[in-house]
Amino acid sequence: MADDCCSGKSRELERLARQSAQRKVLQTVLLINAVMFVLEFGAGIVAGSAALMADAVDMFGDALVYGLSLYALVRSDRWKAGAAMAKGLFILLFGIGVLIDIIVKIQSGVPPSSNLMLMFGALALVANLTCLRLLWRFRAQDVNMSSTFECSRNDVISNVGVLIAAGAVAMTQSPWPDIAIGAIIAFIFLRSAVRVIGSALPTLRMV
């Protein structure tokens with residue numbers, strides 16, 4: 001019985017340690033994304049870049065996502081699935097927002113500043129690679145952390161897209177590379193939303 005008690009206590013301490021580690025990581029990546037949203041969104045407005053602004057809005061969404069993940073961390077599987085569902089809906093909304101911005105960009109036809117796109121796109125990439133490295137060991141722990149990792153992975157893909165668009169805009173002096181990358185980011189958002197919502201639904205139905 002003593003062995004069972006010690007074993008149970010050890011498992012509980014291990015569980016609490018994992019939750020504490022998750023909390024610290026989520027707080028760190030939340031701060032990184034909140035700061036980057038302010039910097040990148042401001043740069044997107046000045047540069048007139050749909051891709052850069054979409055990437056910045058994604059940063060803001062991720063800050064909300066990490067806040068939801070922190071809220072669900074010490075709660076039941078139903079709460080965690082609910083947080084994952086909320087994250088999926090956020091991603092869906094951002095995808096629709098990017099599509100609307102693309103329509104506005106097509107109507108204006110003004111090319112963005114490629115230099116600002118390169119500078120802040122590279123800064124955002126470094127920030128998101130840092131977040132991805134921090135979240136890597138928690139990626140398969142539960143549906144909540146899995147969907148959080150999914151968000152950061154999408155961010156890295158979006159950052160690379162912004163850099164590609166910046167290079168193409170610099171070479172062509174056309175807004176279309178920026179518009180094209182914005183459309184690709186929207187597709188990534190929408191596909192990710194379907195995956196995250198799909199992974200959360202079974203848990204919500206079971207619990």
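Residues numbered from 1 in each chain as written. Predicted model: local features only at pLDDT ≥ 70, side-chain atom pairs only at ≥ 80, totals over all residues. Heavy atoms only, no water.

Caption draft 1: The arrangement of the overall build of the protein in detail. Scanning the protein from terminus to terminus reveals six helices and zero strands. Reading the protein from its N end, one meets helices and strands in the order α-α-α-α-α-α. Looking at the protein as a whole, 45% of its 207 residues qualify as buried. A separation of at least 24 residues holds for 80% of the contacts in the protein among residues at least 6 apart in sequence. (Helix = DSSP H or I, 4+ residues; strand = E, 2+ residues; numbered from the N terminus. Buried < 20%, exposed > 50% of the residue type's maximum accessible area, 1.4 Å probe, protein only. Contact = heavy atoms within 4.5 Å.)

Caption draft 2: Looking closely at the side chain of D178. Among the structural elements, D178 can be located in helix 6 (residues 176-206). Among the polar contacts listed, one links the side chain of D178 to the backbone nitrogen of A51, at a separation of 3.0 Å. If near-sequence neighbours (up to four positions away) are discounted, D178 is found in contact with G48, S49, A50, A51, L52, K105, P112, M117, A165 and V169. (Polar contact = N/O pair within 3.5 Å; in protein donor to acceptor, adjacent residues only side chain to side chain.)

Caption draft 3: Fine view of the confidence of the model for the protein. Counting all residues, the mean pLDDT for the protein is 77, and 80% of those residues have values of 70 or more. Per-element confidence in the protein is highest for helix 4 (residues 114-135), whose mean pLDDT is 91, and lowest for helix 1 (residues 2-47), whose mean pLDDT is 69. (pLDDT = per-residue confidence, 0-100.)

Caption draft 4: Representation of the packing of aromatic side chains in the model. By the definition in use, this model includes one aromatic pair. Plain terms: the ring middles of F37 and F41 are 5.5 Å apart, the flat faces sit at 35° to each other, and that makes the pair tilted. Of the two residues, F37 and F41 both sit in helix 1, four residues apart, roughly one turn of that helix. (Phe/Tyr/Trp six-rings, centres within 6.5 Å; stacked < 30°, edge-to-face > 60°.)

Caption draft 5: Up close: the nonpolar core. L52, V98, V162 and F189 are the most contacted members of the largest nonpolar core, which totals 25 residues. Where this core is concerned, the elements lending two or more residues are helix 1, helix 2 (50-72), helix 3 (77-108), helix 4, helix 5 (143-172) and helix 6. Looking at this core element by element, the count peaks at nine residues for helix 6. By size, the runner-up hydrophobic cluster in this structure holds ten residues, among which are L26, V29, V65 and C131. (Core = buried A, V, L, I, M, F, W, Y, C linked by side-chain atoms within 4.5 Å.)

Caption draft 6: How the structure looks around helix 4. The first and last C-alpha atoms of helix 4 sit 31 Å apart over 22 residues, in line with the 32 Å expected at 1.5 Å per residue. Among all positions in helix 4, only S114, M117, F120, G121, A124, L125, A127, N128, C131, L132 and L135 are buried. (Expected span 1.5 Å × (residues − 1).)

Caption draft 7: Geometry of a nonpolar patch on the surface. A contiguous nonpolar patch, built from L89, L92, L93, I96, I100 and V104 and spanning about 520 Å² of accessible area, is present on the exposed surface. One can find V104 in helix 3. (Patch = residues over 30% accessible without salt bridge, like charges linked within 9 Å, V, L, I, M, F, W, Y side chains within 5 Å. Areas by Shrake-Rupley, 256 points an atom, 1.4 Å probe, with all protein chains shown as cover. Salt bridge = Lys/Arg side-chain N within 4 Å of Asp/Glu carboxyl O.)

Caption draft 8: Geometry of the environment of V38. Within the secondary structure layout, V38 lies in helix 1. By relative accessible area, which is 55% here, V38 ends up exposed. In the structure, V38 is positioned 22 residues away from F60 in sequence and 8.3 Å away in space, judged by C-alpha atoms.

Caption draft 9: Representation of unusual backbone geometry within the structure. Even without being glycine, Q173 reaches a positive phi, approximately 55°. Note on Q173: relative accessible area 55%, which makes it exposed.

Caption draft 10: Representation of the environment of A54 within the structure. Position of A54 relative to the elements: it lies in helix 2. Among the residues examined, A54 registers a relative accessible area of 6% and is labelled buried. Along the backbone, A54 and I181 are 127 residues apart, and their C-alpha atoms lie at a distance of 9.9 Å. Aside from chain neighbours lying at most four places away, what touches A54 is V98 and F189.

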